[in-house]
Amino acid sequence: MSIVEAIYFVIYSQVFIINESNGLYTGDGSVDFHGNPVLKQNTGNWKACPFILGNEGCERLAYYGISTNLVTYLTNKLHQGNVSAARNVTTWQGTCYLTPLIGAILADAYWGRYWTIATFSTIYFIGMCTLTLSASVPALKPAECVGFMCPPASAAQYIVFFLGLYLIALGTGGIKPCVSSFGADQFDDTDPAERVKKGSFFNWFYFSINIGALISSSFLVWIQDNAGWGLGFGIPALFMGLAIVSFFSGTKLYRFQKPGGSPITRMCQVLVASFHKRNVKIPGDSNLLYEVQDKISAIEGSRKLEHSNELKCLDKAAVISDAELKSGDFSNPWKLCTVTQVEEFKILIRMFPIWATGIVFSAVYAQMSTLFVEQGTMLDTTIGSFRIPPASLSTFDVVSVIFWVPVYDRFIVPMARKVTGNGRGFTEIQRMGIGLFISILCMSAAALVEINRLELARELNLVHKPEAVPLSILWQIPQYFLLGAAEVFTFIGQLEFFYDQSPDAMRSLCSALSLLTTALGNYLSSFILTIVTYLTTRNGQPGWIPDNLNEGHLDFFFWLLAALSFFNLLLYIVCAKRYRPKKAS
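In the nomenclature of an unreviewed UniProt entry, the chain is known as Protein NRT1/ PTR FAMILY 8.3-like isoform X2 of Cucurbita moschata. Per its UniProt entry, the chain bears the Subcellular location (unreviewed entry) comment "Membrane".

Enquirer: Describe the overall build of the chain, listing the residues and the values that go with them.
Expert: The number of helices and strands found in the chain is 18 helices and 2 strands. Oriented by its inertia axes, the alpha-carbon framework of the chain measures out at about 90 × 50 × 50 Å. When burial is assessed residue by residue, the chain has 56% of its 585 residues classed as buried. Pairs at least 24 residues apart make up 82% of the contacts formed inside the chain by residues separated by at least 6 positions. Summed over all atoms, the accessible surface of the chain reaches about 24800 Å², with 67% contributed by carbon and sulfur. When the 43 positive and 42 negative side-chain charges of the chain are each reduced to one mean point, those points stand 4 Å apart.

Enquirer: Before we move on, can you summarise the pattern of salt bridges with the specific residues and values?
Expert: According to the stated counting rule, one finds 12 salt bridges in the structure shown. A salt bridge links Glu344 to Arg266, with the nearest nitrogen and oxygen atoms 2.9 Å apart. In this pair, Glu344 sits in helix 11 (residues 339-356) while Arg266 sits in helix 9 (residues 263-276), placing the two residues 78 residues apart along the sequence. Of the residues examined, Arg266 reaches a relative accessible area of 7% and is grouped as buried. Here Glu343 makes a salt bridge to Lys346, at a shortest N to O gap of 3.2 Å. Of this pair, Glu343 and Lys346 both sit in helix 11, 3 residues apart, roughly one helical turn. The exposure class of Glu343 is buried, given its relative accessible area of 2%. On the basis of relative accessible area, Lys346 is assigned to the buried category, the value being 0%. A network of salt bridges, in which partner residues are shared, links Glu56, Glu59 and Arg60.

Enquirer: Tell me about the packing of helix 5 (residues 100-136) against helix 17 (residues 507-536), residues and numbers included.
Expert: The N-to-C vectors of helix 5 and helix 17 enclose an angle of 170°; their axes lie 8 Å apart at closest approach. Overall, the two elements helix 5 and helix 17 adopt an arrangement that is roughly antiparallel. Taken together, the residues of helix 17 that come into contact with helix 5 (itself represented by Pro100, Leu101, Ala104, Ile105, Ala107, Asp108 and Arg113) are Arg507, Ser508, Leu509, Ala512, Leu513, Leu515 and Leu516.

Enquirer: I'd like a rundown of the nonpolar core, residues and numbers included.
Expert: Considering soluble globular proteins, one finds that nonpolar side chains tend to be buried as a cluster. One finds Trp92, Phe161, Ile354, Phe372, Phe557 and Phe558 to be the most contacted residues of the largest nonpolar core, which totals 145 residues. Among the elements that take part in this core, helix 16 (residues 477-500) stands out by supplying 12 residues, more than any other. Apart from the residues lying within four places of it in its own chain, the contact partners of Phe557 are Gln367, Leu371, Ile528, Leu529, Val532, Trp544 and Ile545.

Enquirer: Let's hear about the side chain of Thr130: which residues, and what values?
Expert: By the secondary structure assignment, Thr130 is in helix 5. A distance of 2.9 Å separates a polar side-chain atom of Thr130 from the backbone oxygen of Ile126. In contact with Thr130, other than residues within four places in its own chain, are Val160, Gly164 and Leu167.

Enquirer: I'd love a proper account of the domain arrangement of the chain, names of residues and values included.
Expert: Interfaces are often sized by the amount of accessible area the parts lose when they come together. Here the chain is partitioned into domain 1 (1-261), domain 2 (263-344) and domain 3 (347-584). Placing a centre on the C-alpha atoms of domain 2 and another on those of domain 3 gives a separation of 41 Å. Facing 17 residues of domain 2, the contacting portion of domain 3 comprises 15 residues. Of the roughly 1300 Å² buried between domain 2 and domain 3 on both sides combined, carbon and sulfur atoms contribute 58%. The largest contributions to the domain 2 side of the interface with domain 3 come from Arg303, Glu310 and Glu344, which together make up 35% of the buried area. The interface formed by domain 2 and domain 3 includes 1 salt bridge. Between Arg350 and Glu310 there is a salt bridge whose closest N-O contact spans 3.5 Å. Applying the counting rule to domain 2 against domain 3 returns 5 residue pairs in polar contact (both at pLDDT 80 or more). When residues of the side of domain 2 that touches domain 3 are assigned to their parent elements, the largest contribution, 3 residues, is made by helix 9.

Enquirer: Break down the packing of aromatic side chains for me, with residues and values.
Expert: Scanning all chains against the criterion turns up 47 aromatic pairs. Each ring, one from Trp111 and one from Phe120, has its centre 6.4 Å from the other, and the planes form 50°; the classification is tilted. Taken together, the aromatic side chains of Phe33, Tyr114, Trp115, Phe182, Phe247, Phe248, Tyr254 and Phe256 make up a single cluster linked through ring pairs. The cationic tip of Lys176 hangs over the ring face of Tyr63; the distance from NZ or CZ to the ring centre is 4.5 Å. Taking NZ or CZ as reference, Arg278 lies 4.3 Å from the ring centre of Phe275, over its face.

Enquirer: Summarise the environment of Leu314; cite the residues concerned and give the values.
Expert: By secondary structure assignment, the location of Leu314 is in the loop between helix 9 and helix 10 (322-327). Measuring from C-alpha to C-alpha, the distance between Leu314 and Ser84 comes to 46 Å, with 230 residues separating the pair along the chain. Dropping the residues within four chain positions of it, Leu314 is found in contact with Val270, Leu271, Ser274, Val342, Phe345, Lys346 and Ile349.

Enquirer: Outline a nonpolar patch on the surface, listing residues and values.
Expert: A surface patch of nonpolar side chains, amounting to about 560 Å² of accessible area, comprises Phe33, Tyr110, Trp111, Trp115 and Phe248. Examining the composition of the nonpolar patch, we find that 3 residues originate from one element, helix 5, more than from any other. Summarising the element assignment, Phe33 is placed in the loop between helix 1 (3-21) and helix 2 (45-67).

Conventions we followed
Sequence positions are assigned chain by chain, starting from 1 and proceeding in written order. Where totals are concerned, whole chains, interfaces and linings use all residues; where local detail is concerned, this predicted model gives features only for residues with pLDDT of at least 70, and gives and counts side-chain atom pairs only at 80 or more. Side-chain descriptors were evaluated using all non-hydrogen atoms of the structure, hydrogens and water having been removed beforehand. UniProt positions are given in the numbering used here, feature names are shortened, and annotations may be inferred rather than shown by experiment. The way it works is that DSSP assigns letters per residue, a run of H or I at least four long becomes a helix, a run of E at least two long becomes a strand, and they are numbered from the N terminus. Only protein chains enter the calculation, and the probe is 1.4 Å; a residue is then buried if its accessible area is under 20% of its type maximum, exposed if over 50%, and partly exposed in between. Whether two residues are in contact is decided by their heavy atoms, any of which lying within 4.5 Å being enough. Here the Shrake-Rupley method, with its probe set to 1.4 Å, supplies the accessible areas, and only the displayed protein chains count as covering residues. Under the convention used here, Asp and Glu are negative, Lys and Arg are positive, and both His and the chain ends fall outside the count. Charge positions come from single atoms, namely NZ of Lys, CZ of Arg, CG of Asp or CD of Glu. The salt bridge definition used is simple: a Lys or Arg side-chain nitrogen within 4 Å of an Asp or Glu carboxyl oxygen. Here the axes come from fitting lines to C-alpha atoms, over the contacting stretch only for helices, and the angles between their N-to-C directions go from 0 to 180 degrees. Roughly parallel refers to an angle under 35 degrees, roughly antiparallel to one over 145, roughly perpendicular to one between 65 and 115, and oblique to any angle outside these ranges. Nonpolar core, defined: a set of buried Ala, Val, Leu, Ile, Met, Phe, Trp, Tyr and Cys residues in which side-chain atoms within 4.5 Å join the residues together. Any N or O atom pair separated by 3.5 Å or less is treated as a polar contact, with the protein-specific requirement of one donor-capable and one acceptor-capable atom, and with residues adjacent in sequence counted only for side-chain atom pairs. Domain limits in this description derive from either an automatic procedure or a database domain assignment. Reported buried area values correspond to the accessible surface (1.4 Å probe) lost by two parts on association, with both partners' losses combined. A pair of aromatic rings is counted whenever rings of Phe, Tyr or Trp (Trp by its six-membered ring) have centres within 6.5 Å, and the orientation is called stacked for planes under 30 degrees apart, edge-to-face for over 60 and tilted otherwise. We count a charge as sitting over a ring when the NZ of a lysine or the CZ of an arginine lies within 6 Å of the ring centre and within 35 degrees of the ring normal. Patch criteria: residues need more than 30% relative accessible area and no salt bridge. Like-charged residues are merged within 9 Å; nonpolar side chains of Val, Leu, Ile, Met, Phe, Trp and Tyr are merged within 5 Å.

Below is the structure:
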C-alpha cells in the first residue's frame, strides 16, 4: 500500500467512525448490494419494505391459490378418498415447511438471504408452471367420473402433478425462512426507533400474507370450482412471476447482512471442543473464557453475546487450556470456541421447549385446509341461488387476521404498553400463549358444529347417505374467525420471537425452525389421522372420518385436538416461565 493510499484509508476510516457515531450509518453491520456500509436515510426502513411486502403478498397468493382448495382437486379430479386426500395435503404442506431448513442454511452460511430468495423463487415458478400444465392438458389428468365410476389417475399423471407440487415445496424452502428476516434486516437493531418499527413490520408482514390468502380463498377458489383448474392454477403462477419482479425492483434500497458461515458447523465445533475438554475445569470468573478482543464478534455479521450461567458443560469449549495458553495459538475452532459461539448454541437449546409447543398449534391450523373443508362439503353451501365453495370459508380466517392485525397494532399494543411497560405491548412469549389458548376455543367451536350436524343427519335419516345436511355452512364462521385470531397472536409472535431471540448469524435458520413447527404440525396431523383411522375402523366399523362423514364422528377428532391443545398450553406455560432471553453486548 502506498503512502497516499494509507493516508486515504486512515481519513476514510475516521470519517466513517464519526458518521457511525453520529448515527448516519447503520450500526448492525448491514451493507449495500456492493458490500459497502449504508447510510440510514438512503436505504432500508419502511422505504424498502413495500417491495418485500409486495413480494410476500404475491407469493402467498400463489401458495394459497394451490393449497386452499388442493384437497378438493385431489378428491374431485384425481379421485382420491377423503383420508388419502387429507393425508397428501398435510404431507405436502409439511414438506413446504420442512424445506426452509435447506434455504436457511444456504442463506446464513453462503449465499445470503437476497440470493437465496432469488434462486428458490425461480424453482418455485417452474413448479407453478408444471402444476398448471398438469391441470390443463387432458392427457395429464384422469377422465371425469361417469356416475359413481371414477377412473383413477395413471402413474404418469401422478408423477407430473406431484413433481410440480414438490418443486413448489422446494421453492418455498428459500423464501419462507428468508423473506421475513430480510424484511426485518431493513431495521437497525442498534437504533431504538427502528427497533420498535421492526415489531410493527412483522404485523404488517403477516397482514400482506393474508391479503394474498384472501384473494386465493375467495376469488381463486371460485375460479377453480367454476371456470376450471387450468386457469385456477395459472393465475397463481402469474402472481408468482409478479412476486419475483417486485422483489428485484427494490434492490437498490435494501440493506444486506453478510452470511456468517455455516451455523451447523459452528454448533458441531462447540460440541467437539466441549467433549475434547470434558475433563477441564471451568474458571469461576467467566471473563477468563475465550473471546476475541475486537469490538465485533469473530463470527461474520454477528454481535458479541454475553455469557450465561446455563448449560455450563458447553462452556468448556471456551476454556483456554494450558497448552493453548503456552503456544498462544487460539485459531482452531474445533478445540477452542469463543463465548459468542458457545452462547449461540445455548440460545438454540433454550428456545427448543418454546419451539416444540408450536407443533400442536400447527396441527390445529392444518385442519383449516383439510377437515374443515371436508366438514363444509357436508353442510348446506347455498345462500339463495349462490353456492359457496367449502374451501372459500377460509376467507373468514383471513378476514379475521386482516381485522385483528391493525386492531392489535393500533389499539391493543398501546393499551398493553400502559399495563406491561413493554414497548411492544406484550412480550413474544405472552403473545404466543394467548394464541394457544384461542386455538382451544377454535377446535371446540368446530366440534360443536359437527355435533349439531350429526344430530340433524340422524333426525333426517341421512346417516347412510353421503348427502349434505340442511345446516348452513355459515355456522363454520366462528371456528375460522377464532383460528385467525389465534394466528395473529401465535404465528406473528413466533416470527418476532425467533428473529429477536436468535443469534445474529443464525436468523434464517431460526426462522426456518419456527416454520418447522408447521411442518411437524402437518405431519402430526397426518399421523393422528392415520392412528385414529386404524383404531376406529377395526371390526368393520366406519371410523371417525369415513368417506361418508354422516356415518362418522368428526366431532370426536376435533375434541381430541382441543384436548391436546389444552395440555400443550399447560406445557407452554411451564416452559415460558423458565425461558431466559438472550443478551447481546
